[in-house]
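For reference, the chains in residue letters:
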Amino acid sequence: MSHCYNEVIDDSDGCGAKFSVLVVSDKFLGKPLLARHKLVNSVLQEELKTIHAFSQKTLTVEQWKK
């Protein structure tokens, strides 16, 4: 069973151009940081075209529990 948790924070004071996200998923197991970020970016490909700043923190479920 795959577990996932997402948290999105609008850091742009309402203009919708700056976001930070926390993504927790078992799909990140065994993947280095760059591969994790590429996975998230591929899912948000269209949305990222209109966002000025985007930061992400990607963790496995085990890392998140710690």
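Our subject is the structure listed above.
Residues numbered from 1 in each chain as written. Predicted model: local features only at pLDDT ≥ 70, side-chain atom pairs only at ≥ 80, totals over all residues. Heavy atoms only, no water.

Trainee: What is the right way to read the overall build of the protein from this model?
Mentor: Along the backbone of the protein there are three helices and three strands. Ordered by position from the N terminus, the helices and strands of the protein form the series β-β-α-α-β-α. Projecting the C-alpha coordinates of the protein onto the three principal axes gives extents of approximately 35 × 20 × 20 Å. The 66 residues of the protein split such that 27% are buried. For the protein, the proportion of contacts with a sequence separation of at least 24, taken over those separated by at least 6, is 47%. Within the structure as shown, the protein displays about 4,800 Å² of accessible surface, and the carbon and sulfur contribution to it stands at 56%. Between the centroid of the 9 positive side chains of the protein and the centroid of its 8 negative side chains there is a distance of 10 Å. (Helix = DSSP H or I, 4+ residues; strand = E, 2+ residues; numbered from the N terminus. Buried < 20%, exposed > 50% of the residue type's maximum accessible area, 1.4 Å probe, protein only. Contact = heavy atoms within 4.5 Å. Areas by Shrake-Rupley, 256 points an atom, 1.4 Å probe, with all protein chains shown as cover. Lys, Arg positive; Asp, Glu negative; His and termini not counted. Charge placed at Lys NZ, Arg CZ, Asp CG, Glu CD.)

Trainee: How should the environment of Arg 36 be read in this particular structure?
Mentor: Inspection of the secondary structure assignment puts Arg 36 in helix H1 (residues 33-43). Once the C-alpha coordinates of Arg 36 and Gln 56 are considered, the two residues, 20 residues apart in sequence, prove to be 9.7 Å apart. Apart from residues no more than four positions distant in its own chain, Arg 36 is found in contact with Phe 28, Lys 31, Gln 56, Thr 58, Leu 59, Thr 60 and Gln 63. Engagement of the side chain of Arg 36 in a polar contact is seen with the backbone oxygen of Lys 31, the distance being 2.9 Å. Engagement of the side chain of Arg 36 in a polar contact is seen with the side chain of Gln 63, the distance being 3.0 Å. (Polar contact = N/O pair within 3.5 Å; in protein donor to acceptor, adjacent residues only side chain to side chain.)

Trainee: Help me out: how do you make sense of the packing of aromatic side chains in this one?
Mentor: Here a ring pair, both rings aromatic, is described through the centre-centre distance and the interplanar angle of the planes. Summed over all chains, the structure comprises one aromatic pair. Between Tyr 5 and Trp 64 the ring centres are 4.6 Å apart and the planes differ by 15°, which places this aromatic pair in the stacked class. Highlighted residues: Tyr 5 in strand E1 (residues 4-10) and Trp 64 in helix H3 (residues 61-65), separated in sequence by 59 residues. (Phe/Tyr/Trp six-rings, centres within 6.5 Å; stacked < 30°, edge-to-face > 60°.)

Trainee: Would you explain the layout of surface pockets in this entry?
Mentor: Empty pockets left among the atoms are what a rolling probe the size of a water molecule brings to light. There is about 340 Å³ of room inside the largest pocket. Taken together, 21 residues line the largest pocket, and the ones lying closest to its centre are Asn 6, Val 23, Val 40, Val 43 and Leu 44. When residues in the lining of the largest pocket are grouped by element, the largest group, five residues, is from strand E2 (residues 18-25). When the residues that make up the lining of the largest pocket are grouped by side-chain class, the tally is 14 nonpolar, four polar and three charged. (1 Å grid on protein atoms, 1.4 Å probe; cavity = no way out; pocket = protein on both sides within 12 Å on 5 of 7 lines; lining within 4 Å. Points joined across faces, edges and corners; volume = space filled by probe spheres on them. Nonpolar A, V, L, I, M, F, W, Y, C, P; charged D, E, K, R; others polar.)

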